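Chain residues, written in single-letter form:
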Amino acid sequence: MMVTQRRTVLLRDGTPVLLRSPEVKDAQALLDFLKATAGESDNLLRAPGEITMTLQQEEAFLDALLTDERRVMVNAYIGDGLAGNVTLFPVGGRSRMRHRCEIGIAVRRAYWGRGLGALLMREVLSLAPGLRFSQAELGVYSDNARAVKLYEGLGFETWGRVKNACLMPDGRLRDELLMGLVF
Ligand SMILES: CC(C)(COP(=O)(O)OP(=O)(O)OC[C@H]1O[C@@H](n2cnc3c(N)ncnc32)[C@H](O)[C@@H]1OP(=O)(O)O)[C@@H](O)C(=O)NCCC(=O)NCCS
């Protein structure tokens, strides 16, 4: 994994945020974060009941991540708590896709709208060219206005739309936008 330089930066309201890469010992905190963010938002891939990884599985996931030089994970801590997390990984292993990376991000609801999402996105995007990626891609539900605004602000454009990509428990269907940024 490409490691982020560990440092403290300030949100625009002056709140200090520690940015650092994860270690295997962060597995429990990351599981707790996944469960919390899945419960706080309908906009992630996993429904709240679907964070079923065991601590050992999460440790194994982190171990694999740490040894894969083309992956990045950046954690953001406010106080002692994990407030946000972003991952960047190759779209696929084949040579014809080697220039394409994908990004996934989540911020704890208590910190939405304070610039933490943008900070984390900028951090991983700044590392991507060093990993020989020349474009970043992501999927976002079309009604996730906050996320779409965030990505557009960073220069992402909508490249496509998957109709009815998401089926909600009440039967509602939601489209997914495929967004990308060439750098
Ligand atoms: C999407 C997410 C990562 C954004 O994080 P964040 O820390 O709130 O992001 P920021 O504060 O940096 O930026 C949010 C942007 O949304 C805008 N925004 C705030 N409230 C908004 C609203 N109700 N509608 C539309 N845009 C809104 C802000 O103006 C800001 O854009 P700007 O900087 O250009 O002004 C966060 O809301 C989150 O984790 N949501 C749940 C999980 C999720 O949706 N992940 C992404 C899946 S693709």
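Here is a short report on the structure shown in this document. From a predicted model like this one, the values you see are computed outputs, not experimental measurements.

## Description of the overall build of the protein
Next up, step 1: Tallying secondary structure elements over the protein gives four helices and eight strands in all.
Next up, step 2: The helix and strand sequence of the protein, counted from the amino end, reads β-β-α-α-β-β-β-α-β-α-β-β.
Next up, step 3: At 16 Å, the protein has a C-alpha radius of gyration in line with the 16 Å of a compact globule built from 183 residues.
Next up, step 4: Each principal axis of the C-alpha atoms in the protein carries an extent, and together these give about 40 × 40 × 40 Å.
Next up, step 5: Here the protein holds 183 residues, and the buried ones make up 44% of them.
Next up, step 6: Taking contacts inside the protein between residues at least 6 apart in sequence as the whole, the part at least 24 apart equals 60%.
Next up, step 7: Counting only carbon and sulfur atoms, one obtains 51% of the accessible surface of the protein, whose full area is about 10,000 Å².
Next up, step 8: The centroid of the 24 positive side-chain charges in the protein is displaced by 4 Å from the centroid of its 22 negative side-chain charges.

## Description of the site of the ligand
Next up, step 1: Around the ligand, the structure places 22 residues, and the nearest of them are Val 107, Gly 113, Gly 115, Gly 117 and Asn 144.
Next up, step 2: A distance of 2.7 Å separates an oxygen atom of the ligand from a polar atom in the backbone of Val 107.
Next up, step 3: Against a free-state accessible area of 950 Å², the protein chains account for coverage of 75% of the ligand.
Next up, step 4: For the shell around the ligand, the secondary structure elements donating two or more residues are strand 5 (100–107), helix 3 (116–127), strand 6 (135–141) and helix 4 (145–153).
Next up, step 5: Among the elements that line the shell around the ligand, the one with the most residues is helix 4, at six residues.

## Looking at helix 1 (residues 27–40)
Helical geometry note: an α-helix holds 3.6 residues per turn, so side chains three or four residues apart project in the same direction.
Next up, step 1: With 14 residues, helix 1 should cover 20 Å at 1.5 Å per step; its first-to-last C-alpha distance of 20 Å lies within 8% of that length.
Next up, step 2: Regarding helix 1, the residues found buried are Ala 27, Leu 30, Leu 31, Phe 33, Ala 36, Thr 37, Ala 38 and Glu 40.
Next up, step 3: Contact partners of the buried residues in helix 1: helix 2 (55–67), strand 3 (72–78), strand 4 (81–90) and strand 5.

## Let's talk about the pattern of salt bridges
Next up, step 1: Taken as a whole and assessed by the stated rule, the structure comprises 12 salt bridges.
Next up, step 2: Across the pair Asp 26 and Arg 20 runs a salt bridge, and its minimum N-O distance is 2.9 Å.
Next up, step 3: With relative accessibility at 6%, the residue Asp 26 sits in the buried group.
Next up, step 4: Under the relative-accessibility criterion, Arg 20 is labelled buried at 10%.
Next up, step 5: Here Lys 163 makes a salt bridge to Asp 175, at a shortest N to O gap of 3.8 Å. Here Asp 175 lies in strand 8 (residues 173–182) and Lys 163 lies in strand 7 (residues 157–167), a separation of 12 residues in the sequence.
Next up, step 6: Take Lys 163: its relative accessible area is 59%, and that puts it in the exposed class.
Next up, step 7: Overall, the relative accessible area of 12% leaves Asp 175 in the buried class.

## Quick look at the pairing of strand 2 (residues 16–20)
Across a regular strand the side chains alternate sides, sitting on one face of the sheet and then on the other.
Next up, step 1: When strand 1 (residues 7–10) meets strand 2, the two strands line up antiparallel, connected through four bridges. Note that in strand 2 the partner of Thr 8 across the bridge is Leu 18.
Next up, step 2: Between the end of strand 1 and the start of strand 2, which pair antiparallel, lie five residues, with Gly 14 showing a positive phi angle near 90°.
Next up, step 3: Pairing geometry for strand 2 and strand 3, over three bridges, is antiparallel. Bridge assignment links Leu 19 to a residue of strand 3, and that residue is Ala 76.

## Describing the sheet that holds strand 7
Next up, step 1: The eight strands lie next to each other as 1-2-3-4-5-6-8-7, forming an open sheet whose pairing is mixed. The sheet terminates laterally at strand 1 and strand 7, the two strands that pair on one side only. When strand polarity is set aside, the average angle formed by the axes of neighbouring strands in this sheet is 25°.
Next up, step 2: Where strand 3 and strand 4 come together, seven bridges link them in antiparallel fashion. Bridge pairing in strand 4 links Asn 75 to Asn 85.
Next up, step 3: Contacting strand 3, strand 4 and strand 5, helix 1 runs over the sheet at an angle of about 95° to strand 4.
Next up, step 4: Lying on the sheet, helix 4 is in contact with strand 5, strand 6 and strand 8; it crosses strand 6 at an angle near 160°.

Parameters and conventions
- Residues numbered from 1 in each chain as written.
- Predicted model: local features only at pLDDT ≥ 70, side-chain atom pairs only at ≥ 80, totals over all residues.
- Heavy atoms only, no water.
- Helix = DSSP H or I, 4+ residues; strand = E, 2+ residues; numbered from the N terminus.
- Rg over C-alpha atoms; globule rule 2.2 N^0.38 Å.
- Buried < 20%, exposed > 50% of the residue type's maximum accessible area, 1.4 Å probe, protein only.
- Contact = heavy atoms within 4.5 Å.
- Areas by Shrake-Rupley, 256 points an atom, 1.4 Å probe, with all protein chains shown as cover.
- Lys, Arg positive; Asp, Glu negative; His and termini not counted.
- Charge placed at Lys NZ, Arg CZ, Asp CG, Glu CD.
- Near = heavy atom within 4 Å.
- Polar contact = N/O pair within 3.5 Å; in protein donor to acceptor, adjacent residues only side chain to side chain.
- Expected span 1.5 Å × (residues − 1).
- Salt bridge = Lys/Arg side-chain N within 4 Å of Asp/Glu carboxyl O.
- Pairing = 2+ DSSP bridges.
- Axes fitted to C-alpha atoms, helices over the stretch in contact; angles between N-to-C directions.

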